[in-house]
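# Structural overview for review
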Amino acid sequence: MSGFLKSSIGKKVAMSLSAFLLMSFLILHFSINFLSVFSEDIFNSASHFMGTNWVIQFLMQPILIFGVVFHFVMGFVLEFQNRSARKISYVNSNPGGNSTWMSRNMLLSGAVILAFLVLHFIDFWIPEMNTKYIQGDMSGLLDGGESLRYYTETVHKFESPWRVGVYVLAFVLLSLHLLHGFNSAFQSLGANNKYVKGLKGFSRVYAIGIPLGFIFIALFHHFSH
């Protein structure tokens, strides 16, 4: 396995697999967050289940965190290797004509998304860990206590215009990142050409729809409370 990851192809395959893991989580995360638009009680119940179920907390969550770190580290490594391999600068090169803005700036969009994830962890994940494991509040399912603070905290975070602006910018860049990264991931895994057209259509729907949904959630809570 270590030998496989040392090769360029191995790194790309591993990065693609981690990308699909993160994209699967993104759908789940969006589905739960979208509940907050329709029902405070349902959103609280779903969030509480995700925050207390031992399989999710002690199995899936560590895998997710590892996947996030692995994906970004591998992305920076591959970008560094690609740039190091370009030993000759062609005078008549036309990067704008030969590639899209998205493909040329995956490192930039990735860095901004990583910074956003840090903010997101500070906003939600760290307070969650503090409440459960430092303060020790694991009480109740539907008692209206601290264990069902999720909706209130979500609304509170989106009161700030600058924080909403950061979220919107991050998800716009995530959309651009996904528009290129989704197809690249399939290609790295050797997707058959006859499926490429269908995959491109699906990737566009996902890459635009999911980030747009998160933007809608942030704007909804900002303007409705």
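One structure accompanies this document, and this report is about it.

What counts, and at which threshold
Residues numbered from 1 in each chain as written. Predicted model: local features only at pLDDT ≥ 70, side-chain atom pairs only at ≥ 80, totals over all residues. Heavy atoms only, no water. Core = buried A, V, L, I, M, F, W, Y, C linked by side-chain atoms within 4.5 Å. Buried < 20%, exposed > 50% of the residue type's maximum accessible area, 1.4 Å probe, protein only. Helix = DSSP H or I, 4+ residues; strand = E, 2+ residues; numbered from the N terminus. Contact = heavy atoms within 4.5 Å. Salt bridge = Lys/Arg side-chain N within 4 Å of Asp/Glu carboxyl O. Axes fitted to C-alpha atoms, helices over the stretch in contact; angles between N-to-C directions. Parallel < 35°, antiparallel > 145°, perpendicular 65-115°, else oblique. Left-handed = near helix turned anticlockwise from the far one by under 90°. Nonpolar A, V, L, I, M, F, W, Y, C, P; charged D, E, K, R; others polar. Phe/Tyr/Trp six-rings, centres within 6.5 Å; stacked < 30°, edge-to-face > 60°.

## Looking at the nonpolar core
With 32 residues, the main nonpolar core has M23, L26, Y167, F171, L178 and Y206 as its most contacted residues. Residue assignment for this core shows that the elements contributing at least two residues are α2 (8-38), α4 (54-85), α7 (106-134), α9 (161-188) and α10 (193-224). At 9 residues, the largest contribution of residues to this core is made by α9. In this view, Y167 contacts F116, L119, H120, D123, F124 and F158; residues no more than four positions away in its chain are not counted. Of all hydrophobic cores here, the second largest spans 6 residues; its members include F43, A46, Y150 and Y151.

## Quick word on the pattern of salt bridges
Following the criterion strictly, the structure yields 2 salt bridges and no others. Across the salt bridge formed by D123 and K157, the nearest N and O atoms sit 3.9 Å from each other. Highlighted residues: D123 in helix α7 and K157 in helix α8 (residues 150-157), separated in sequence by 34 residues. Overall, the relative accessible area of 2% leaves D123 in the buried class. With a shortest N-O distance of 2.8 Å, R163 and D123 are connected by a salt bridge. On the criterion of sequence distance, the pair formed by R163 in helix α9 and D123 in helix α7 is long-range, its members being 40 residues apart. Accessibility classification places R163 together with D123 in one group, the buried group. Salt bridges linked by common partners bring D123, K157 and R163 together as one network.

## A look at the packing of α2 against helix α3 (residues 40-52)
Contact pair α2 / α3: the axes reach a minimum separation of 6 Å and the direction vectors enclose 150 degrees. Here α3 runs roughly antiparallel to α2, going by the angle between their axes. In terms of crossing hand, the pair formed by α2 and α3 is left-handed. Facing L28, I32, N33, L35, S36 and F38 of α2, the residues of α3 in contact are E40, I42, F43, A46, S47 and M50. Classifying every residue of the contact of α2 with α3 gives 8 nonpolar, 3 polar and 1 charged.

## Examining the side chain of R163
The buried category is assigned to R163, whose relative accessible area is 15%. Beyond its immediate sequence surroundings of up to four residues, R163 is in contact with L119, D123 and K157.

## Some remarks on the packing of aromatic side chains
Under the criterion given, the structure shown has 16 aromatic pairs. Between F34 and F216, the aromatic rings sit 6.2 Å apart at their centres with planes inclined by 50 degrees, giving tilted as the arrangement. Of this pair, F34 sits in helix α2 while F216 sits in helix α10; the two residues are 182 residues apart in sequence, bridging distant segments of the chain. Members of the aromatic cluster, connected to one another through ring pairs, are F30, F34, F38, F116, F158, Y167, F171, F214, F216 and F220.

## Looking at the environment of S203
Relative to the helices and strands, S203 is located in helix α10. Along the primary structure S203 and G181 are separated by 22 residues, whereas in three dimensions their C-alpha atoms are 9.2 Å apart. With sequence-adjacent residues up to four places away left out, S203 is seen in contact with F182 and N183.

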